[in-house]
Amino acid sequence: MDPATQAVIEVSDLVKVYGETRAVDDVSFEVDRGELFGFLGPNGAGKTTTIRILSTLLKPTSGGARVAGHDVVAEPGEVRKRLGLAMQTATLDAFSTGRETLELAGRLHRMPPREIKRRTDELLQLMGLEAAAKKLTGTYSGGMKRRLDLATALMHRPEVLILDEPTEGLDPQSRTALWEELERINAEGTTMLLTTHYMEEADRLCSRLAIIDEGRVVVEGRPEALKAAVGADTVVLQVGRSPDADGAQGSAEDARKTEFCTLLDGMVPCEAVAAHDGSVTLAVADASAAIPGLLRRLDGHGLDITGLQMSRPSLDDVFLQYTGRHIREEAADQPIIMGF
Ligand SMILES: Nc1ncnc2c1ncn2[C@@H]1O[C@H](COP(=O)(O)OP(=O)(O)O)[C@@H](O)[C@H]1O
Ligand SMILES: [Mg+2]
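Keep in mind that this is a model prediction, so the values were computed, not measured.

Caption draft 1: Seen up close, the packing of helix 3 (residues 98-108) against helix 5 (residues 142-154). Where helix 3 meets helix 5, the closest approach of the two axes is 9 Å, and the angle between their N-to-C directions is 25°. Looking at the two axes, helix 3 sits roughly parallel to helix 5. Helix 5 is crossed by helix 3, and the crossing has right-handed handedness. Across the interface between the two elements, Gly 98, Thr 101, Leu 102 and Ala 105 from helix 3 touch Leu 148, Ala 151 and Thr 152 from helix 5. Each residue belonging to the contact of helix 3 with helix 5 can be placed in one class, and the counts come to four nonpolar, three polar and no charged.

Caption draft 2: Spatial organisation of helix 10 (residues 287-300). With 14 residues, helix 10 extends 20 Å between its outermost C-alpha atoms, agreeing within 8% with the 20 Å of an ideal straight helix rising 1.5 Å per residue. Those residues of helix 10 that fall on the buried side of the exposure criterion are Ala 287, Ile 291, Gly 293, Leu 294 and Leu 298. Positive backbone phi, approximately 70°, marks Gly 302, located one or two places after helix 10.

Caption draft 3: Expanded view of the packing of aromatic side chains. Per the stated rule, a full pass over the model turns up two aromatic pairs. On the basis of an interplanar angle of 40° and a centroid distance of 4.9 Å, the ring pair of Phe 29 and Phe 39 is categorised as tilted. One end of the pair, Phe 29, is in strand 2 (residues 21-32); the other, Phe 39, is in strand 3 (residues 36-40), with ten residues separating them in the sequence. For Phe 29, a relative accessible area of 3% translates into the label buried. Since its relative accessible area comes to 1%, Phe 39 is described here as buried. Ring-pair connections join several aromatic residues into one group, and the members of that group are Phe 29, Phe 37 and Phe 39. Positioned above the aromatic ring of Tyr 198 is the side chain of Arg 175, whose terminal nitrogen or guanidinium carbon lies 4.0 Å from the ring centre.

Caption draft 4: Structural detail: the state of the cysteines. Within this structure, the stated rule accounts for one disulfide. Between Cys 261 and Cys 270 runs a disulfide, and the two sulfur atoms are separated by 2.0 Å. Across the S-S bond linking Cys 261 and Cys 270, the dihedral sits near 85°, which makes this disulfide right-handed. For Cys 261, a relative accessible area of 12% gives the class buried.

Caption draft 5: Just the pairing of strand 11 (residues 233-239), in detail. Counting buried positions along strand 11 gives six out of seven residues, so the element sits mostly inside the fold. Both strand 11 and strand 13 (residues 279-284) contribute to a ladder of six bridges, which runs antiparallel. Residue pairing across strands places Val 236 opposite Thr 281, the latter belonging to strand 13. Examined bridge by bridge, strand 11 and strand 14 (residues 305-311) share six bridges and lie antiparallel to one another. Each bridged residue has a counterpart across the sheet, and for Val 236 the counterpart in strand 14 is Gln 309.

Caption draft 6: Focus on the site of ligand 1. Around ligand 1, the structure places Tyr 18, Thr 21, Ala 23, Pro 42, Asn 43, Gly 44, Ala 45, Gly 46, Lys 47, Thr 48 and Thr 49. Ala 45 is positioned with one of its backbone polar atoms (N or O) 3.1 Å from an oxygen atom of ligand 1. Thr 49 is positioned with one of its side-chain polar atoms (N or O) 2.5 Å from an oxygen atom of ligand 1. When ligand 1 sits alone it has 560 Å² of accessible area, and the protein chains cover 59% of it. At the level of elements, strand 2 and helix 1 (47-54) are the ones that each hand at least two residues to the shell around ligand 1. When its residues are assigned to classes, the shell around ligand 1 shows four nonpolar, six polar and one charged.

Caption draft 7: Representation of the pattern of salt bridges within the structure. Taken as a whole and assessed by the stated rule, the structure comprises 24 salt bridges. A salt bridge links Lys 47 to Glu 165; its shortest N-O distance comes to 3.8 Å. Placement of the pair is Lys 47 in helix 1 and Glu 165 in the loop between strand 7 (160-164) and helix 6 (172-187), with a sequence separation of 118 residues. Of the two residues, Lys 47 and Glu 165, both sit in the buried class. Each of Glu 115, Arg 118, Arg 119, Glu 122 and Arg 157 takes part in salt bridges that share partners, so that together they form one network.

Caption draft 8: Layout of unusual backbone geometry. Even without glycine at this site, Arg 110 takes up a positive phi of about 55°. On the secondary structure map, Arg 110 appears in the loop between helix 3 and helix 4 (113-126). According to the relative accessible area criterion, Arg 110 is exposed, its value standing at 76%. For Glu 165, which is not glycine, the phi torsion reads 50° and is therefore positive.

Thresholds applied
- Residues numbered from 1 in each chain as written.
- Chains lettered and ligands numbered in written order.
- Predicted model: local features only at pLDDT ≥ 70, side-chain atom pairs only at ≥ 80, totals over all residues.
- Heavy atoms only, no water.
- Axes fitted to C-alpha atoms, helices over the stretch in contact; angles between N-to-C directions.
- Helix = DSSP H or I, 4+ residues; strand = E, 2+ residues; numbered from the N terminus.
- Parallel < 35°, antiparallel > 145°, perpendicular 65-115°, else oblique.
- Left-handed = near helix turned anticlockwise from the far one by under 90°.
- Contact = heavy atoms within 4.5 Å.
- Nonpolar A, V, L, I, M, F, W, Y, C, P; charged D, E, K, R; others polar.
- Expected span 1.5 Å × (residues − 1).
- Buried < 20%, exposed > 50% of the residue type's maximum accessible area, 1.4 Å probe, protein only.
- Phe/Tyr/Trp six-rings, centres within 6.5 Å; stacked < 30°, edge-to-face > 60°.
- Lys NZ or Arg CZ within 6 Å of the ring centre and 35° of its normal.
- Disulfide = S-S within 2.5 Å.
- Pairing = 2+ DSSP bridges.
- Near = heavy atom within 4 Å.
- Polar contact = N/O pair within 3.5 Å; in protein donor to acceptor, adjacent residues only side chain to side chain.
- Areas by Shrake-Rupley, 256 points an atom, 1.4 Å probe, with all protein chains shown as cover.
- Salt bridge = Lys/Arg side-chain N within 4 Å of Asp/Glu carboxyl O.

Right, here's the structure in full:
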């Protein structure tokens, strides 16, 4: 097989059972060399359990996995040599300095002393931790701890980097900084698998992702393709009150819907029009292309449009379509323009 296109992570029919819980329930996927692959799912979906099996920390109940060409159960030592791992909770020793932490990781990987020194200096600089190198990691901020943890995982120049919820709990600024770091590491050729329950993170970073729920992969693909498959964009128009719609709210909304169906005849099919209190929602294939024409038509009929919003399907919409739920309970509380 051509090593340039070979799957670097191969997971087949993986199962992990804890008592009654099927934490991982027949999961299969492949990650090709150079990919940044995401495992997106809510808490309890089975992400950490899968990662722990891939990184040889846990044995599967059945099924198997290979990382960088080696079986995680039969050849754990070979896998660990080629793997960098940053787990959900940073595993730093608060009484070591940043430099000592990296040097220790180098010794654990049996790197030669000169290479340890060189690589430590290089990573401290890359991660912007030079100034903090002599400080105890217990004094580091959340973002600095994550960057040091990432540097530790990269110490032995692993072929594959596995990250469990790399930006969990970080403020938005540190999160963006870490995203840029991860993109840079991936661009330099490291194959990456990361788990996340942040759909924006998966959307921004991953070339391909699997959405996982209750131990199963529900759908897999490129973020753009997954979102496009959900279908339409949404355009919400805020409309001034029409003077003749004074009856009960229901009938006023019906009247407005009929009015828009007629006005937009030939542009937007009637099934794609919904009227609410003070606004009209349209489902259209490509909102940015459709809006100018829509506005010209409506303006031509003297309609008073006081506001306009558009939204594209998000990965949360993808998750909703496949599972009937939102990825996070909090996601349901965000202002959703589509709220019917
Ligand atoms: N050591 C364990 N013993 C029993 N149940 C576990 C253990 N680890 C995880 N689980 C259960 O397995 C499921 C998947 O957990 P986990 O892999 O941590 O999910 P995620 O990382 O996606 O939040 C959950 O229902 C969790 O409670
Ligand atoms: Mg987890």
